[in-house]
Amino acid sequence: MECVRAEIHGEHDLFAPGGSPGTVPTDLEQATGLERLEILGKMQGVDIFDMRPLDASRKGTLDNPITVKSFGDEQYLGCTGFPVDSHVVIWLTCSRDRPVERCPECGSAYKMEYVGPQDDGHGHGHGHGAHDVHDSTDGAHNYQGEPKTMADFVRPEYR
């Protein structure tokens, strides 16, 4: 990623020059934003979005869950069971306020590891009390008035 960072100095670097008049532009000439960042990364041999499959060599447990890295507040993941392809894909959502999820079919546990910026620029952590969903890491919902799910009734020692 260092090679890509060397070429990206600011937001203006994520805008392409466009194609020459009378020609059809290439992807590199017309791509902007994250798509351009991804293309520049691939040119340097860097997988910007880390599209490798999750660890499927074992079943995740609550003590040793399969780790899923995320730059965002939420990460969607698809579980195909253990052993691999033992059930249809079941989509799960891990989030910063609820990082651990279990597959209802096979019981495999997954945990989101937030690797994004600590200051997300949206005003979290500025004394909003119960409004700040990232203050607690107990795995339970932290929004006041949010509908409860069955996971909220799991005893803390089982989370």
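Analysis parameters
Residues numbered from 1 in each chain as written. Predicted model: local features only at pLDDT ≥ 70, side-chain atom pairs only at ≥ 80, totals over all residues. Heavy atoms only, no water. Helix = DSSP H or I, 4+ residues; strand = E, 2+ residues; numbered from the N terminus. Buried < 20%, exposed > 50% of the residue type's maximum accessible area, 1.4 Å probe, protein only. Contact = heavy atoms within 4.5 Å. Areas by Shrake-Rupley, 256 points an atom, 1.4 Å probe, with all protein chains shown as cover. Pairing = 2+ DSSP bridges. Axes fitted to C-alpha atoms, helices over the stretch in contact; angles between N-to-C directions. Core = buried A, V, L, I, M, F, W, Y, C linked by side-chain atoms within 4.5 Å. Salt bridge = Lys/Arg side-chain N within 4 Å of Asp/Glu carboxyl O. Phe/Tyr/Trp six-rings, centres within 6.5 Å; stacked < 30°, edge-to-face > 60°. Lys NZ or Arg CZ within 6 Å of the ring centre and 35° of its normal. pLDDT = per-residue confidence, 0-100.

Looking at the overall build of the protein
Regarding its fold elements, the protein presents three helices and five strands. Each helix (α) and strand (β) of the protein, taken in turn from the N terminus, gives the series α-α-α-β-β-β-β-β. Out of the 159 residues in the protein, the part that is buried amounts to 28%. Nonlocal contacts in the protein, meaning residues at least 24 apart in sequence, comprise 42% of its contacts between residues at least 6 apart. Approximately 11,000 Å² of the protein is accessible, and the part contributed by carbon and sulfur atoms is 54%.

A word on the sheet that holds strand β5 (residues 109-114)
Ordered by their spatial adjacency, three strands build an open sheet running β1-β5-β4, and the pairing between neighbours is mixed. This sheet does not close on itself; its edge strands, each paired only once, are β1 (66-70) and β4 (100-102). Strand-to-strand, the axes of this sheet are offset by a mean angle of 30°, without reference to chain direction. Pairing of β1 with β5, which is carried by five bridges, proceeds in the parallel orientation.

Looking at the nonpolar core
Counting twelve residues, the largest nonpolar core consists of I66, V68, L77, C79, I90, L92, C94, C103, C106, Y110, M112 and Y114. If you list the elements that add at least two residues to this core, you get β1, β2 (74-79), β3 (90-95) and β5. When neighbours within four sequence positions are excluded, V68 is seen to be in contact with L54, Q75, L77, Y110, K111, M112 and E113.

Some details on the environment of L40
Relative to the helices and strands, L40 is located in helix α3 (residues 33-43). For L40, a relative accessible area of 9% puts it in the buried group. Distance in space between the C-alpha atoms of L40 and L14 is 9.6 Å, their sequence separation being 26 residues.

Section: α3
For α3, the set of buried residues is R36, L37, I39, L40 and G41. After α3 finishes, the residue G45 shows a positive phi value of roughly 80°.

A short note on the pattern of salt bridges
Using the criterion set out here, one finds five salt bridges in the structure. Residues K42 and E38 are paired through a salt bridge, measuring 3.6 Å at the closest nitrogen-oxygen approach. Highlighted residues: K42 and E38, both in helix α3, separated by four residues, approximately one helical turn. On the accessibility criterion, K42 (57% relative accessible area) is exposed.

Brief notes about the packing of aromatic side chains
Within the structure shown, the criterion is met by zero aromatic pairs. Taking the ring centre of Y114 as reference, the NZ or CZ of R96 above it sits at 3.9 Å.

With respect to the confidence of the model for the protein
Mean pLDDT over the protein works out to 78, with 72% of the residues at or above the 70 mark. Here residues 1-5 is a poorly scored stretch, pLDDT under 50, and it has nine contacts once near neighbours within four places are set aside; other chains count.

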